[in-house]
Amino acid sequence: MNGIYTTSRKVLSKDELVVEVQRRQAAGERGVFTNGCFDLLHLGHVHYLQQARALGGFLVLGLNNDESVRLLKGPGRPLVPEQERAEILAALSCIDYVTIFNEPTAGPLVALLQPAIYVKGGDYAGEQDNVPDASRLPETKVVQAYGGIVRLIPYLPHHSTTELIEAIKRLP
């Protein structure tokens, strides 16, 4: 089986993903879900995604579409188009499925999939360490409504796409 075929099989529509997540969770596997822009893949992303995957039986990544990345990150972003970002992420062994969403938050997708565990970076913590700030992370209320678990993974300092872009801009 060639790598492209394997990678493209991991990028699913929402409808395909619902069936797959329900099937696997009904079989007793704990589904883990995370989401984000993942514009330029870096070490912070890789560590985060590996830790997220370790929390359950399979990892689903909800990827912001290009329009929502522009709204969140500003003009000139994303640097990498959504289909390319999806395929790059699907190539990581820690990710089982990728889907692209176009809503302002992942809340509707989380409500649809109802993963056992929802994961975000530690930069979404409130005043108490490892407790999500629901005002900055609206998906928290969605997950709590169906009885899921929200987990925060520590942020790897100085590893962000924004910092990477700034470093590139400073190059001679």
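Residues numbered from 1 in each chain as written. Predicted model: local features only at pLDDT ≥ 70, side-chain atom pairs only at ≥ 80, totals over all residues. Heavy atoms only, no water.

Draft legend 1. Here's a closer look at the packing of aromatic side chains. Applying the stated criterion to the full structure yields 2 aromatic pairs. A centroid spacing of 6.0 Å and a plane angle of 20 degrees characterise the contact between F33 and Y118, whose relative ring orientation is stacked. Of the two residues, F33 is situated in strand β1 (residues 31–36) and Y118 in strand β4 (residues 117–121); the sequence distance between them amounts to 85 residues. F33 sits in the buried class, given a relative accessible area of 1%. Geometrically, the ring pair formed by F58 and Y97 is edge-to-face, given 6.2 Å between the ring centres and 80 degrees between the ring planes. With F58 in strand β2 (residues 58–64) and Y97 in strand β3 (residues 97–101), this residue pair connects regions lying 39 residues apart in the sequence. We classify F58 as buried; its relative accessible area is 0%. (Phe/Tyr/Trp six-rings, centres within 6.5 Å; stacked < 30°, edge-to-face > 60°. Helix = DSSP H or I, 4+ residues; strand = E, 2+ residues; numbered from the N terminus. Buried < 20%, exposed > 50% of the residue type's maximum accessible area, 1.4 Å probe, protein only.)

Draft legend 2. The arrangement of the pattern of salt bridges in detail. This structure, assessed with the given rule, holds 7 salt bridges. We note a salt bridge from D39 to R77, for which the minimum N-O separation is 2.7 Å. Residue D39 is found in the loop between β1 and α3 (43–53), and its partner R77 is found in the loop between α4 (66–73) and α5 (82–90); the two are separated by 38 residues along the sequence. On the accessibility criterion, R77 (10% relative accessible area) is buried. (Salt bridge = Lys/Arg side-chain N within 4 Å of Asp/Glu carboxyl O.)

Draft legend 3. How the structure looks around α5. Within the span of α5, buried status applies to R85, A86, L89 and A90. Viewed along the axis of α5, the buried residues span an arc of 130 degrees, placing them on a single side of the element. (Arc of directions from axis to C-beta.)

Draft legend 4. Region of interest: the side chain of D39. For D39, a relative accessible area of 3% puts it in the buried group. Ignoring anything within four residues of it in the chain, the contact list for D39 reads R77, P78, L79, V80, R85 and T161. (Contact = heavy atoms within 4.5 Å.)

Draft legend 5. Representation of the pairing of β4 within the structure. In terms of residue burial, β4 counts as a mostly covered element, since 5 of its 5 residues are buried. Strand direction decides the pairing type here: β1 and β4, joined by 2 bridges, are parallel. Of the residues in β4, the one forming a bridge with V32 is I117. Pairing geometry for β4 and strand β5 (residues 149–153), over 5 bridges, is parallel. From the neighbouring strand, I117 faces β5, where its bridge partner is I149. (Pairing = 2+ DSSP bridges.)

Draft legend 6. Structural detail: a nonpolar patch on the surface. Residues L164, I168 and L171 make up a contiguous nonpolar surface patch of roughly 270 Å² in combined accessible area. Considering the arrangement of structural elements, one finds L171 in the segment after α8 (161–169). Judged by relative accessible area, which is 57%, L171 ranks as exposed. (Patch = residues over 30% accessible without salt bridge, like charges linked within 9 Å, V, L, I, M, F, W, Y side chains within 5 Å. Areas by Shrake-Rupley, 256 points an atom, 1.4 Å probe, with all protein chains shown as cover.)

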